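# What the coordinates show
Listed here are the chains, written in short residue letters.
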Amino acid sequence: MLVYRICDKEEVKKIINGISFDDIGNCFTVNSDLNTHQYKSDIRYLHFFKNYDSVFYLNVTNGYYICTYNIPEEILDLYSGIGLYRDRLFFKSLEEVPEYAVPSNEIKSNYLERIDKVTDYIDFEDYVYGNYVDNLITIYHYNQSREKVYKKK
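Remember, it's a predicted structure, so these values are computed and weren't measured experimentally. Positions within a chain are numbered from 1, following the residues in the order the chain's sequence is written. This being a predicted model, a pLDDT of at least 70 is required before a residue's local features are given, and a value of 80 or more before pairs of side-chain atoms are given or counted; all residues contribute to the totals for chains, interfaces and linings. Side-chain metrics in this entry use all non-hydrogen atoms of the structure; hydrogen atoms and water are not considered.

### Points about the pattern of salt bridges
Cut-off, in case you're wondering: Salt bridges are identified by distance alone: a Lys or Arg side-chain nitrogen within 4 Å of an Asp or Glu carboxyl oxygen. Buried means the residue's accessible area, taken with a 1.4 Å probe over protein chains only, is under 20% of the maximum for its type, while exposed means over 50%, and partly exposed covers the values in between. Strands here are runs of E lasting at least two residues and helices are runs of H or I lasting at least four, both read from the DSSP assignment and numbered beginning at the N terminus.
Taken as a whole and judged by the stated rule, the model has 4 salt bridges. In this structure, arginine 5 and glutamate 11 form a salt bridge, with 2.9 Å as the shortest nitrogen-oxygen distance. In this structure, arginine 5 and glutamate 11 share a single accessibility class: buried. Note that arginine 88 and aspartate 53 form a salt bridge whose closest N and O atoms lie 3.4 Å from each other. Pair noted here: arginine 88 is in the loop between strand S4 (80-86) and strand S5 (94-103) and aspartate 53 is in the loop between strand S2 (45-49) and strand S3 (64-70), with a separation of 35 residues, a long-range link. We classify aspartate 53 as partly exposed; its relative accessible area is 22%.

Printed below as a string of structure tokens:
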């Protein structure tokens, strides 16, 4: 199942350099004000959105990347939850957003489908009106060899 994640340059560097996903992600504590995930201590997790449009709850701007993963549903089903985010238009009310918090050690490099570098700020309205594709550059796509698609930009 395709899922989506915003990550920074450091995470992309680790992925490109083939560092194990065990070393990517963060440890979290349970906080019902943020989400419904039940974290275990000393385990690193990566968060993924179920829907592409959900990435726009976060700051999608220059210096960040939108990563698309194809993770088996059997794994995602074990780690599904709801994240609480401010609405994307007025930033006042909280909205429940389907997401996954998967232990990093369960992510395999072949789950990664695509990495798009964000070259300029994209907000939710840009997404709705389709005014965002010029602000993304694909630097990795699974269907191509790594040597040909990793671009230094």
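### A closer look at the nonpolar core
Nonpolar side chains in soluble globular proteins tend to be buried together. As a reminder, the rule being used: Definition of nonpolar core: a set of buried residues of the types Ala, Val, Leu, Ile, Met, Phe, Trp, Tyr and Cys, connected through side-chain atoms within 4.5 Å. Should any heavy atoms of two residues lie within 4.5 Å, those residues are considered in contact.
Phe48, Tyr69, Ile71, Val102, Ile107 and Ile115 are the most contacted members of the largest nonpolar core, which has 23 residues in total. Breaking this core down by element, the ones donating at least two residues are strand S1 (2-8), helix H1 (9-16), S2, S3, helix H2 (73-78), S5, strand S6 (112-118) and strand S7 (136-141). If you tally residues by element for this core, the top one is S3, at 3 residues. Not counting residues within four places of it along the chain, the set of residues in contact with isoleucine 71 comprises Met1, Val3, Phe48, Leu76, Ile107 and Tyr111. Within the second largest apolar cluster, 16 residues are counted, among which are Phe49, Tyr85, Val97 and Ile122.

### Notes on the side chain of glutamate 113
Which entries qualify depends on this criterion: In summary, the charge assignment counts Lys and Arg as positive and Asp and Glu as negative, without counting His or the chain termini.
Along the chain, glutamate 113 turns up in strand S6. Put simply, glutamate 113 is tucked away with no salt bridge, and the nearest opposite charge, on arginine 114, sits 8.2 Å away. Beyond its immediate chain neighbours, meaning those up to four positions away, glutamate 113 contacts Leu2, Thr68, Tyr69, Asn70, Tyr140, His141 and Tyr142.

### Quick word on the environment of tyrosine 79
Within the fold, tyrosine 79 resides in the loop between H2 and S4. It is 23 Å that separates the C-alpha atoms of tyrosine 79 and aspartate 8, two residues lying 71 residues apart in sequence. Leave out the neighbours within four places in its chain, and tyrosine 79 touches His37, Glu99, Tyr100, Ala101, Val102, Pro103 and Glu106.

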